[in-house]
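Listed below, chain by chain, are the residues.
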Amino acid sequence: MRISALTLDGVGGGGLVTDEAPRIAFALASDVPGEALASATIRVGDWEIETDDQIGTVYGGELTPYTEYPVHVVATGVTGAVAEAATSFRTGRLGAPWTARWITDAGYTTPKKASPAPMTFRASFAARRPIRRAWLEATALGVYELELNGRKVGDQYFAPGFTSYRHHIQYQTHDVTDRLSDVNELVATVAGGWAVGSFTFARKNRIYADRQAFLCELHLEYDDGSTELIATGPDWEVSTDGPFRAAEWYDGENYDATVTPDRQHWRRADVTRPVGDPAILAQYGPAVRAQRVLRPVARSVAPSSELIFDLGQNFAGVIDVTIRGRHGQTVTFRHAEVLVDGELFVRSLRTAKATAVYTCVDGEQRYSPRLTCMGFRYVGVSGIDPDDLDLRALVLHSDLPETGAFRCSNDLLNRLQSAIRWGGWSNFVDIPTDCPQRDEREGWTGDYAVFASTASFNFDMSRFVGKWLRDVSAEQGRGGGIPMVVPRAGNGFPVMATSCWGDVCILAPWAEYLARGDLNLLRRHYPTMRRFLKAARWWSELLSVGRRRRIWRLPFHFGDWAAPDGSVRQWIARGRWIATAYFATSCAIAARIAELLGETEDAAAYRRLRDEAVRAYRDVLTDGHGTVKREFQTAYVLPLHFGMTEGDETRAMADNLVRLIDAAGGHLGTGFPGTPYLLFALSDNGRLDAAYELLLQTSCPSWLYMIRSGGTTIWERWDALRPDGTVNTDSLTGGADADSGGMVSFNHYAAGAVGDWLYRRVAGIEPLDGGYRRFRVAPRPGGGLTSAEATIDTPYGRAGSSWRIDGDRFALRVEVPVSTVCVATLPDGTEHRLESGTHEFACRADLAPRRGID
Ligand code: BGC
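About the thresholds
The residue numbering used here restarts from 1 in each chain and proceeds along that chain's sequence as written. Where local features are concerned, this predicted model is filtered to residues with pLDDT of at least 70; where side-chain atom pairs are given and counted, the filter is 80 or more; whole-chain, interface and lining totals use all residues. Side-chain numbers come from the whole structure's heavy atoms, not from hydrogens or water. Consider each residue's heavy atoms; a residue with any of them within 4 Å of a molecule or strand counts as near. Side-chain atoms alone can form a polar contact between residues adjacent in sequence; in general such a contact is a pair of N or O atoms within 3.5 Å, and within protein one must be able to donate a hydrogen while the other accepts it. Under this grouping Gly is polar, as are all residues other than the nonpolar Ala, Val, Leu, Ile, Met, Phe, Trp, Tyr, Cys and Pro and the charged Asp, Glu, Lys and Arg. Every residue carries a pLDDT, the predictor's confidence in it, which falls somewhere between 0 and 100. We call two residues in contact whenever any of their non-hydrogen atoms come within 4.5 Å of each other. The criterion for an aromatic pair is that two Phe, Tyr or Trp rings (for Trp, the six-membered ring) have centres within 6.5 Å, with stacked assigned to planes under 30 degrees apart, edge-to-face to planes over 60 apart and tilted to the rest. Secondary structure elements follow DSSP: runs of H or I no shorter than four residues count as helices, runs of E no shorter than two count as strands, and numbering proceeds from the N terminus. Any residue under 20% of the maximum accessible area for its type is buried, any over 50% is exposed, and the rest in between are partly exposed; the area is computed with a 1.4 Å probe on protein chains only. Charge-over-ring contacts are defined here by two conditions on Lys NZ or Arg CZ: a distance within 6 Å of the ring centre and an angle within 35 degrees of the ring normal. Salt bridges are defined as contacts in which a side-chain nitrogen from Lys or Arg sits within 4 Å of a carboxyl oxygen from Asp or Glu. At least two bridges found by DSSP between two strands are what make those strands a pair. The axes used here are C-alpha line fits, helices contributing only the stretch in contact, and every angle between their N-to-C directions lies in the interval 0 to 180 degrees.

**What to know about the site of the ligand**
- The local shell around the ligand consists of D434, R438, E440, W444, D447, W501, F558, W561, F672, E716 and H748.
- A distance of 3.1 Å separates an oxygen atom of the ligand from a polar side-chain atom of W501.
- Class assignment of the residues belonging to the shell around the ligand gives a composition of five nonpolar, one polar and five charged.

See below:
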């Protein structure tokens, strides 16, 4: 037996932990079948605990600033085998007061509705004695890039990251021991970013501060034991006319390489302070970095004569170019997700210009934007001879370990799975966004509410979501409402309890708990869930009396958002069905969470509430026998999947759902709230055949229609690209609106929530307990697939399900990690309880899907 992974707060050891006590987790590997942890001793410095919990031990000792803590784990298995491993972690400031002062250019006025000019701050300092250790801590209002002696410090993009800056700001730490000379210069460029720059489609700016500000401390420890601190203050210089002429999220970046420091106007920096006195915390979210390089797969010349590069994949990132240029030559790069008639299609970007403009010096040079990000597949270039340009692109997203993989015998489904993952990567740039390209890129809560489970199958979301949920809780309204966008950052919607979007405060921690088993996350956000459900309960009683009590109508719901049929008004009109059903399921999940946390009274109360909502749905919204009074697919999907139906009603609802699908020509009709559960509603209620038919449908609207139409990510609208080749830029109110660009993105992950079904039903693997301590493997072959497999890197190690059909033989292989138990069910109904190890089974393949309710 060996310890195959040892992590602190979900990352490998050796690093800096956040300001809270770290959670220690370890995975075991063994060749002995049935191995499991019997007990472990975890030692951190002189703190020690004896435990049988592999994934949830929280360090309970003291934490002192700037200290290294050795971690030692000795695990004993049920077979008597022993394994050990060691690592360490370091603490940062832990709230130690800053000597540095926030600095800015108080004379600079950010223009109305626009982003500010990037500010450059600089200071020189000497380090004449030999250095033992030097480290930097920095943060900003805005997003910053730091250079020490002309070279970038670290490889992170968009520091300090996007948080609810009124509540908390992250700071970054960099070891620079090997980077110092006798004379040194620190230069920080701070763009407006999320704090000051233009943001939201209303193009608000100065959301958290009137102008950028920067805070930095450089700690020097000399060999002779003495120390020195270089800290931002009024002795630093500032300029607003550096080579970064402009930088912002939507419009892009303008960089003039001919601008040298001696041409800039420098003045003394002014001391300032952020509004609201936010906590400044060691970075607790994963960093955004360049995760891979894409090279063009094709080059064309548009009818307008613009040179166009196709990177073969829609994604979020930046170009990275090598240019042979002349002093003063200006090269322009425009970005788009799709081509229409051979031209970049940019109307869907609405007000976002998504353009990088680079002014050259003489000779060969390299340029890649550092203070912006775009969502694109195509780049249009002008101002340069193609022979003088070498273009690549960098894919940017937060560090997200890939924990899941899914593959099957159908190539289109594999491409769908790829599009789902790219949709995740593109929208996990520091916060979960709706889209990476147009004038939004906001933390719309509903989008993540429906995608959370799929995300957690594919990636280790723990740090990323943990960071964002802090903001969800911090920004919860006093009445319990959850902002529709987190961080709210200028978004104009009032904070109120709204279904599906607000339910993210329950659905996201729950998905994360099932995937990673972190009970602390549930504990931390339980008060938020309680407040939200209290608000939902209150609204579900307002003007809903008698039988109608718990029909949650008010104050507002997005309803069946982005359903293929109807306009925004019709989506919203479906609100009460969706809200009442989501309320029921959130109460059911909250009851399970309350039980896990030992809140048994709450659990009982949530179960009662759930039953009331279920009854109201049946009594008021259906005829009591499984037919919804105003029919639409989501109105059947939700009660079926949320277990709100009984007996004959279930069969009737499933049949009704299939009837609606048939009436739509074999097409789905769900918006954000229904899409994740549509196939489950069918497959788990006797209609596996219909589920596979929808999954494999290739005409519009369907998932594979997107893929067949060339989609490499998931679209916001099912018909974003219509069968006639036009883009659906219709305005939200129904009519064609020539100016607005409508609401159409080719990179929204919500509909990619079908990824959940690929793992849970096609490959058949899903957690039964938090972190897969108990899990199920029960593949549901169908749709003509002859094989499928999924692997999941659970906190206990790798779990896997892999099946294959050869003639009339179905063969299944299951991988069970040490310390976990798997219940495997074969398509013929036989069940096996499995302990750790690899297991193989076979039965008769029955390709005809079973009918009848399972
Ligand atoms: C966003 C969505 C979001 C929605 C709210 C849109 O503009 O892009 O994905 O959830 O608004 O209705």
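**Focus on the confidence of the model for the protein**
- For the protein, the mean per-residue pLDDT works out to 95, and 98% of the residues sit at or above 70.
- Across residues 847–854, confidence stays below pLDDT 50; counting only partners more than four residues off in sequence or on other chains, it has 20 contacts.

**Side note on the packing of aromatic side chains**
- In the structure shown here, the tally under the stated rule is 57 aromatic pairs.
- Taking the centre distance of 5.6 Å and the plane angle of 75 degrees together, the rings of W444 and F493 count as edge-to-face. Of the two residues, W444 is situated in the loop between strand 36 (431–432) and helix 3 (445–458) and F493 in the loop between helix 4 (462–474) and helix 5 (504–516); the sequence distance between them amounts to 49 residues.
- A relative accessible area of 8% means that W444 is categorised as buried.
- Among the aromatic side chains, those forming a connected cluster through ring pairs are Y157, F158, F162, Y165, W194, F199, Y208, W249 and Y250.
- Above the face of the W266 ring, R122 is positioned so that its terminal group lies 3.8 Å from the ring centre.

**Brief notes about the environment of R553**
- Turning to its location among the elements, R553 is positioned in the loop between helix 6 (519–539) and helix 7 (568–573).
- Those residues in contact with R553 that lie beyond four places of it in its chain are L542, L543, S544 and R576.
- A distance of 3.1 Å separates the side chain of R553 from the backbone oxygen of L543, its partner in a polar contact.

**As for unusual backbone geometry**
- Each neighbour pair has its own omega, and for V486 with P487 the value is -10 degrees, a cis peptide bond.
- Residue placement: P487 occurs in the loop between helix 4 and helix 5.
- In this structure, T200 is a non-glycine residue whose phi angle is positive, near 75 degrees.
- Checked against the element boundaries, T200 lands in the loop between helix 1 (193–196) and strand 16 (213–222).
- Not every positive phi belongs to a glycine, and R550 is a case in point at roughly 85 degrees.
- A relative accessible area of 1% means that R550 is categorised as buried.

**Quick notes on the pattern of salt bridges**
- Throughout the structure, instances matching the rule amount to 58 salt bridges.
- Note that D155 and R289 form a salt bridge whose closest N and O atoms lie 2.7 Å from each other. One end of the pair, D155, is in the loop between strand 13 (151–152) and strand 14 (168–175); the other, R289, is in strand 24 (residues 288–294), and 134 residues separate them in sequence.
- Accessibility expressed as a relative area gives 25% for R289, which makes it partly exposed.
- Put simply, D460 and R516 hold a salt bridge, and the shortest N to O gap is 3.7 Å. One end of the pair, D460, is in the loop between helix 3 and helix 4; the other, R516, is in helix 5, and 56 residues separate them in sequence.
- Overall, D460 belongs to the buried group, its relative accessible area being 8%.
- In this structure, a network of salt bridges that share partners links the residues D684, D756, R760, R761, E766 and R776.

**What to know about the sheet that holds strand 5 (residues 47–51)**
- On the basis of which strands lie adjacent, the open sheet formed by four strands has the order 5-4-7-8 and antiparallel pairing. This sheet does not close on itself; its edge strands, each paired only once, are strand 5 and strand 8 (82–90). Each strand of the sheet is rotated relative to its neighbour by a mean of 15 degrees, with strand direction disregarded.

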